[in-house]
Amino acid sequence: MSDELLGLTVAQQATRIEAGELSAAEAFDYWRGRAAGDELNAYLWVADEVPDDAGRLPPIAVKDLFCVRGVPSMAGSRILEGYRPPYTATSVRNLEDAGVRVLGKTNQDEFAMGSSNENSGFGPVENPWDRTRVPGGSSGGSAAAVAAGTAPWAIGTDTGGSIRQPASLCGVVGMKPTYGAVSRYGMIAFASSLDQCGPLTRDVTDAALLLSHLQGRDPCDSTSLGIPGGVELPSAERLDGLRFGVWGMDEPGLEPGVAQQVDATLARIEELGGGVEQIELPNAKYGIPAYYVIAPAEASANLARYDGVRYGPRKGDGDLTALYEQTRHDGFGEEVRRRIMIGTYALSSGYYEAYYGTAQKVRTRIAEDLAAAFERVDFVVSPTSATVAFRLGERTQDPLAMYLSDYYTVPMPLAGIPAISIPCGLSEGLPVGFQIAGPAFSEARILDAAHALEKSIGFEGVPVT
Amino acid sequence: MTEPEARVYEPVIGVEIHVQLRTQTKMFCGCALSFGEEPNTYVCPICLGHPGTLPVTNAEAVHFALMIAMAFDCDIAPRSIFHRKNYFYPDLPKGYQISQYDLPLARNGRLGDVRIHRVHMEEDAAKLIHAGRSGRIHGAETSVVDFNRGGTPLVEIVTEPDLRSPHEAAEFGRLLQATLRRLGVSDVNMEEGSLRVDANVSIRPAGTATLGTKAELKNMNSFRFLERGIAAEIGRQERIVHAGGQVEQETLHYDPQTGNLTSLRSKEEAHDYRYFPEPDLPPVAPTEAMLKRAREALPELPAARADRLERDLELPAETARLLAFRFELGDFFESAVEAAGNGHVRALANWMTNELAARIGDADPAGTSLEPSALAQLVAMVEAKQVSASAAKEVLDVLLEEGGDPVAVVEAKGLGRAESGELEAIVERAIADNPDAVEKIRSGKTQAIGAIVGAVMRETKGRADGGEVQRMISERIGAG
């Protein structure tokens, strides 16, 4: 029975559990074994036993920054080493209520700052397709675990692309819902106006299933709304009458192999009855600069609480300044320190208008570009990432090159709109992701379109050994 | 060209007040408020700034803040937002305070003669306790933090620099305190920290309009100390200017025991708070329903009540003020006036502010056994000379303790006014018993009458009216 589960989606396993052919406890135990055998450094913590109440669905891998009561939750950072929260994130509690148990905590770029999972305080994660390459980030552990079959499904967070880009690099499905669809309460914060929780799964149906349980208005998160009408499982097999606007295909950094797979996908869309047209997002090129001012600015405040006073390791010789400086210097990695400095600078007196103020205006422009596009088309599509998975160490010395990994993914969080990445093919043996974005709260339509396209693509995903 | 020493300087003072609201729970989480409880027992992950937590705005705090803004006739912003005020200190768990910056809840109000610049909402910091000789940070070996207070809702009220003397500032502070107490939004207890007053003080040549450099006096524990502290600061600034120097912008602490002013922070150390809009909270956009609810919750405020009592009931200003500022006394008084059918208003007011206030201290008269109607009746009896003032005081004591009807008490204790015939006989006897006193009076030492009056009062057990007794004695002596 056991390795049979490896080939099943969560929806398929759920059917078996419901039919009594499989118990949730057996499923938990199987996946626990798989997770414990992970060799990619995708996990920072794995459940050490099957819970007494194993729920009703297969267990889930949860990105480290989701607070789970009593379980190490460190956001991939040494500054929270050993921290076990006294409470559980609402999104995880929603899953628990739906009968899903926590399988393990996955590795990530520290405080969600990164695009390769090389910024983790606990070592990088390897891409299961090629272990000399990165899985993407910041939800690298979650993506790698799903791709490698060491988790049946996973949740991650997406601020500038941190679900979609690793999904693309690992050949799995990843979705960032509309800002406010899922509660942020209990998600260790990076950038408050951008962070969203979302699914990383084997297929689009599993993503829909997961999102349907995650979403909801939470009284503990004043920015949450849920998805009006909830989320239904997709069933579409055709794309008749739907209009797809493609952008960014002439960016210089776009790898030819990636472009080729995306073009092939566009042809499939037309075969399925959809219309494809070129669109322009004139301000999309300012997405990275705007994002890399706004996100660090918010992060500089969100990370100010890590000072060793109330939780986490405490360093320093007793003087207050020494306590702050040593705790934070020793606890935070280089990229985190870099972004805190950028963010502090951008907010400082005399510079606020020039940087943060201006970036927020650019953000509005980008949102307007997308809104204008949605007057003409139903979906905005593009490659998810300009490249396939790059090698470990390739971009670590060049932060700007690393930042450009997010080129296609940052406009959506800036505009607060949802987007999904589905694997659409291989280039040089490595997965290519196709991104579909829609207006706010259009998750159902995005999932339907993705479902139809996925079926047509027929991506054979799991590079399991 | 006038020499600096020869100029007269006028003080220019504004105040910044922080008020802790008496809501059920903290500003952004569900913890109950507390004072003096065991440390770190009224806390939760949110007010401790644990990773992943988020604030949620307290609706009752917004309601109270709206009431305050309306009490000051402010313009209420149709949309105000929260900002993060960023700095590092152990009493600030998130490393930022959620406050309001350039879009505050309300602006442009007035209380008495003082313009209110703005009213905004924010959360209180936790409490730092320094273990050392003085309890202050200098010389302390360790410091510990109690987060019970952290997150308590605060309203910050900033005035324009309209005050012109330390006394005015203290009086304004008292009016503000009485007003907020009447609104029921805060305990406004300066010793407990539910009311904190800072003063911004500067001086300028009398008659000029530009503002001088201001110094900030932080957090004095009483209005008396506020007045003294401001006076000391004005003196300090005057000495600097008269010596030809410049006043520096700084923050000072006034020690009321020593009268010393110590610098806490100078301008160079002033923080850049890197304010930006709080992304975790939506704007505060009061609805019609919220505004209506706040408006309807406004009681008659002290200033207006004092005016009305002075005007309509013709009470002296000081009496009116006292009854207005201590609204429980005022409420009791007005019930008594109503029971008295509006008779003897002056006398009733005097009994309230003298005899009753002296007996109950700060307590609420409604908490005693005395009924407003009983007081009204007692006063009427005194005015009708049915009972002497001193006997009435005894009756009052009984009524406060046991309640009841003054007529019954008077009868039960035999405190009825001494009848003329009975009194004349007692007066005769007292005159006869005190021939020396009579001699002295006749020879011009009129104070000696006191001994005879005293004898009469003792014999009548205070049921006679002292003034009348004295008159009778004078007549008898003069006549005889």
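Residues numbered from 1 in each chain as written. Chains lettered and ligands numbered in written order. Predicted model: local features only at pLDDT ≥ 70, side-chain atom pairs only at ≥ 80, totals over all residues. Heavy atoms only, no water.

### A few points about the sheet that holds strand 14 (residues 276-277) of chain B
Thinking step 1. Taken in spatial order, the three strands line up as 4-3-14 (chain B) in an open sheet, and their pairing is antiparallel. Either end of the sheet is taken by a strand with one partner, and the two such strands are strand 4 (96-99) and strand 14 of chain B.
Thinking step 2. Both strand 3 (residues 83-86) of chain B and strand 14 of chain B contribute to a ladder of two bridges, which runs antiparallel. Residue pairing across strands places Arg84(B) opposite Phe276(B), the latter belonging to strand 14 of chain B.
Thinking step 3. Where helix 9 (residues 287-302) of chain A meets the sheet, it contacts strand 3, strand 4 and strand 14 of chain B, and its direction lies at approximately 60 degrees from that of strand 3 of chain B. (Pairing = 2+ DSSP bridges. Helix = DSSP H or I, 4+ residues; strand = E, 2+ residues; numbered from the N terminus. Contact = heavy atoms within 4.5 Å. Axes fitted to C-alpha atoms, helices over the stretch in contact; angles between N-to-C directions.)

### Some points on the nonpolar core
Thinking step 1. One finds Phe111(A), Phe72(B) and Ile157(B) to be the most contacted residues of the largest nonpolar core, which totals 220 residues.
Thinking step 2. In this structure, Ile157(B) is in contact with Val15(B), Glu16(B), Ile17(B), Val19(B), Ile68(B), Phe72(B), Ile116(B), Arg118(B), Val119(B), Leu176(B) and Leu180(B), ignoring residues within four places of it in sequence.
Thinking step 3. Listed in part, the 37 residues of the second largest apolar core include Phe333(B), Met352(B), Leu356(B) and Val409(B). (Core = buried A, V, L, I, M, F, W, Y, C linked by side-chain atoms within 4.5 Å. Buried < 20%, exposed > 50% of the residue type's maximum accessible area, 1.4 Å probe, protein only.)

### What to know about the interface of chain A and chain B
Thinking step 1. Counting residues at the interface gives 36 residues for chain A, matched by 30 residues for chain B.
Thinking step 2. When chain A packs against chain B, close to 2,600 Å² is buried across both sides, 61% of that on carbon and sulfur atoms.
Thinking step 3. Of all residues in chain A, the largest losses of buried area upon contact with chain B belong to Ser222(A), Arg305(A) and Arg310(A), amounting jointly to 22% of the total for that side.
Thinking step 4. Linking chain A with chain B are one salt bridge.
Thinking step 5. In this structure, Asp280(B) and Arg184(A) form a salt bridge, with 2.8 Å as the shortest nitrogen-oxygen distance.
Thinking step 6. Along the contact surface separating chain A from chain B lie 17 residue pairs in polar contact (both at pLDDT 80 or more).
Thinking step 7. Of all elements in the fold, only helix 9, helix 10 (320-331) and helix 11 (334-347) of chain A reach the threshold of two or more residues within the side of chain A that touches chain B.
Thinking step 8. No other element matches the four residues that helix 9 of chain A contributes to the side of chain A that touches chain B.
Thinking step 9. Tallied by class, the residues present in the side of chain A that touches chain B amount to 21 nonpolar, nine polar and six charged. (Buried area = accessible area lost by both parts, 1.4 Å probe. Salt bridge = Lys/Arg side-chain N within 4 Å of Asp/Glu carboxyl O. Polar contact = N/O pair within 3.5 Å; in protein donor to acceptor, adjacent residues only side chain to side chain. Nonpolar A, V, L, I, M, F, W, Y, C, P; charged D, E, K, R; others polar.)

### Description of the side chain of Asp218(A)
Residues and elements named next belong to chain A.
Thinking step 1. Mapped onto the fold, aspartate 218 is located in the loop between helix 7 (204-214) and strand 7 (243-246).
Thinking step 2. Arginine 93 is the oppositely charged side chain nearest to the buried, salt-bridge-free aspartate 218, at an N-O distance of 6.2 Å.
Thinking step 3. Among the polar contacts made by the side chain of aspartate 218, one reaches the side chain of serine 183 at a distance of 2.7 Å.
Thinking step 4. Apart from residues no more than four positions distant in its own chain, aspartate 218 is found in contact with Thr90, Ser183, Tyr185 and Ser224. (Lys, Arg positive; Asp, Glu negative; His and termini not counted.)

### Comments concerning helix 2 (residues 166-183) of chain B
Residues lying three or four places apart along an α-helix face the same way, a consequence of the helix completing one turn every 3.6 residues.
Residue and element names in this part refer to chain B.
Thinking step 1. Taking 1.5 Å of rise per residue, the 18 residues of helix 2 would be expected to cover 26 Å, and the 26 Å separating its terminal C-alpha atoms lies within 8% of that figure.
Thinking step 2. When we look at burial in helix 2, the residues that qualify are Pro166, Ala169, Ala170, Phe172, Gly173, Leu175, Leu176, Ala178, Thr179, Leu180, Arg182 and Leu183.
Thinking step 3. Just past helix 2, the residue glycine 184 takes up positive phi, approximately 80 degrees. (Expected span 1.5 Å × (residues − 1).)

### Comments concerning the state of the cysteines
By definition, a disulfide links the sulfur atoms of two cysteines through a covalent bond.
Thinking step 1. By the definition in use, this model includes zero disulfides over all chains.
Thinking step 2. With no disulfide of its own, Cys67(A) lies 13 Å from the sulfur of Cys220(A), the closest cysteine sulfur.
Thinking step 3. Left without a disulfide partner, Cys31(B) is nearest to the cysteine sulfur of Cys44(B), which lies 3.7 Å away.
Thinking step 4. Taking relative accessible area as the criterion, Cys31(B) reaches 8% and is therefore assigned buried. (Disulfide = S-S within 2.5 Å.)

### Digging into the sheet that holds strand 10 (residues 419-427) of chain A
All names here are of chain A.
Thinking step 1. Taken in spatial order, the eleven strands of this open sheet run 1-3-2-4-6-5-10-11-9-7-8, and their pairing is mixed. At either margin of the open sheet sits one strand with a lone partner, and together these are strand 1 (43-46) and strand 8 (275-278). Averaged over all neighbouring strand pairs, the angle between strand axes comes to 25 degrees, with direction disregarded.
Thinking step 2. Pairing geometry for strand 1 and strand 3 (residues 102-106), over three bridges, is antiparallel. Across the sheet, tyrosine 43 pairs through a bridge with threonine 106, a residue of strand 3.

### Regarding the environment of Glu334(B)
Residues and elements named next belong to chain B.
Thinking step 1. Note that glutamate 334 resides in helix 7 (residues 327-339).
Thinking step 2. Of the residues examined, glutamate 334 reaches a relative accessible area of 22% and is grouped as partly exposed.
Thinking step 3. Glutamate 334 has contacts with Glu300, Arg305, Arg308 and Leu309, leaving out every residue within four places of it along the chain.

### Some points on the side chain of Glu335(A)
All names here are of chain A.
Thinking step 1. With respect to the secondary-structure elements, glutamate 335 resides in helix 11.
Thinking step 2. Given a relative accessible area of 9%, glutamate 335 falls into the buried group.
Thinking step 3. Here arginine 339 takes part through its side chain, which lies 2.7 Å from a polar atom of the side chain of glutamate 335.
Thinking step 4. The contact partners of glutamate 335, leaving out residues within four places of it in the chain, are Met113, Asn119, Pro399 and Tyr403.

### Some remarks on the confidence of the model for chain B
Keep in mind that low pLDDT regions are not for reading the predicted coordinates in detail.
Thinking step 1. Residues of chain B with pLDDT of at least 70 account for 96%, and the chain-wide mean is 91.
Thinking step 2. Listed scores for the predicted complex are pTM 0.89 and ipTM 0.96. (pLDDT = per-residue confidence, 0-100.)

### Details of helix 6 (residues 317-325) of chain B
Thinking step 1. Of the positions making up helix 6 of chain B, those classed as buried are Thr319(B), Ala320(B), Leu323(B), Ala324(B) and Phe325(B).
Thinking step 2. The secondary structure elements touched by the buried residues of helix 6 of chain B are helix 2, helix 5 (302-312), helix 7 and helix 8 (345-360) of chain B.

### Comments concerning the environment of Ile98(B)
Thinking step 1. Among the structural elements, Ile98(B) can be located in strand 4.
Thinking step 2. For Ile98(B), the contacting residues outside a window of four places in its chain are Phe28(B), Pro55(B), Phe82(B), His83(B), Glu122(B), Glu123(B), Glu278(B) and Leu281(B).

### Digging into the pattern of salt bridges
Thinking step 1. Within this structure, the stated rule accounts for 52 salt bridges over all chains.
Thinking step 2. Close ionic contact of Arg196(B) with Asp124(B) constitutes a salt bridge, the shortest N to O distance being 2.7 Å. Here Asp124(B) lies in the loop between strand 6 (114-123) and strand 7 (127-131) and Arg196(B) lies in strand 10 (residues 195-205), a separation of 72 residues in the sequence.
Thinking step 3. What makes Arg196(B) buried here is its relative accessible area of 14%.
Thinking step 4. Using a relative accessible area of 6% as the deciding quantity, one classes Asp124(B) as buried.
Thinking step 5. One network of salt bridges, in which partners are shared, links Arg184(A), Asp221(A), Arg84(B), Glu278(B) and Asp280(B).

### Concerning unusual backbone geometry
What you tend to see is this: most non-glycine residues have negative phi, and most peptide bonds are trans.
Thinking step 1. With an omega of 10 degrees, the peptide bond running from Gly137(A) to Ser138(A) counts as cis.
Thinking step 2. Along the polypeptide, Ser138(A) turns up in the loop between strand 3 and helix 5 (140-148).
Thinking step 3. One non-glycine residue, His344(B), lies in the positive phi region at around 55 degrees.
Thinking step 4. Secondary-structure assignment places His344(B) in the loop between helix 7 and helix 8.

### Thoughts on the environment of Leu252(B)
Thinking step 1. With respect to the helices and strands, Leu252(B) occurs in strand 12 (residues 250-255).
Thinking step 2. When the C-alpha positions of Leu252(B) and Leu264(B) are compared, they lie 5.3 Å apart, and in sequence the two are twelve residues distant.

### As for the packing of aromatic side chains
Thinking step 1. Applying the stated rule across the entire model yields 24 aromatic pairs over all chains.
Thinking step 2. Ring plane angle 40 degrees and centroid distance 6.3 Å describe the contact between Tyr351(A) and Tyr355(A), whose orientation is recorded as tilted.
Thinking step 3. For Tyr351(A), a relative accessible area of 34% translates into the label partly exposed.
Thinking step 4. Look at Tyr407(A) and Tyr408(A): their rings are 5.2 Å apart centre to centre, the planes differ by 90 degrees, and that puts the pair in the edge-to-face class. Across this residue pair, the class does not change: Tyr407(A) and Tyr408(A) are buried.
Thinking step 5. These aromatic residues form a ring-pair network of at least three members: Tyr83(A), Phe111(A), Tyr306(A), Tyr311(A) and Phe332(A).
Thinking step 6. One cation-aromatic arrangement involves Arg395(A) over Phe390(A); the distance from NZ or CZ to the ring centre is 3.9 Å.
Thinking step 7. Above the plane of the ring of Phe325(B) lies Arg321(B), whose end atom (NZ or CZ) is 4.3 Å from the centre. (Phe/Tyr/Trp six-rings, centres within 6.5 Å; stacked < 30°, edge-to-face > 60°. Lys NZ or Arg CZ within 6 Å of the ring centre and 35° of its normal.)

### Focus on a nonpolar patch on the surface
Thinking step 1. A cluster of nonpolar residues, Tyr345(A), Tyr351(A) and Tyr355(A), forms a patch on the protein surface that exposes about 300 Å² of accessible area.
Thinking step 2. The exposure class of Tyr355(A) is partly exposed, given its relative accessible area of 37%. (Patch = residues over 30% accessible without salt bridge, like charges linked within 9 Å, V, L, I, M, F, W, Y side chains within 5 Å. Areas by Shrake-Rupley, 256 points an atom, 1.4 Å probe, with all protein chains shown as cover.)

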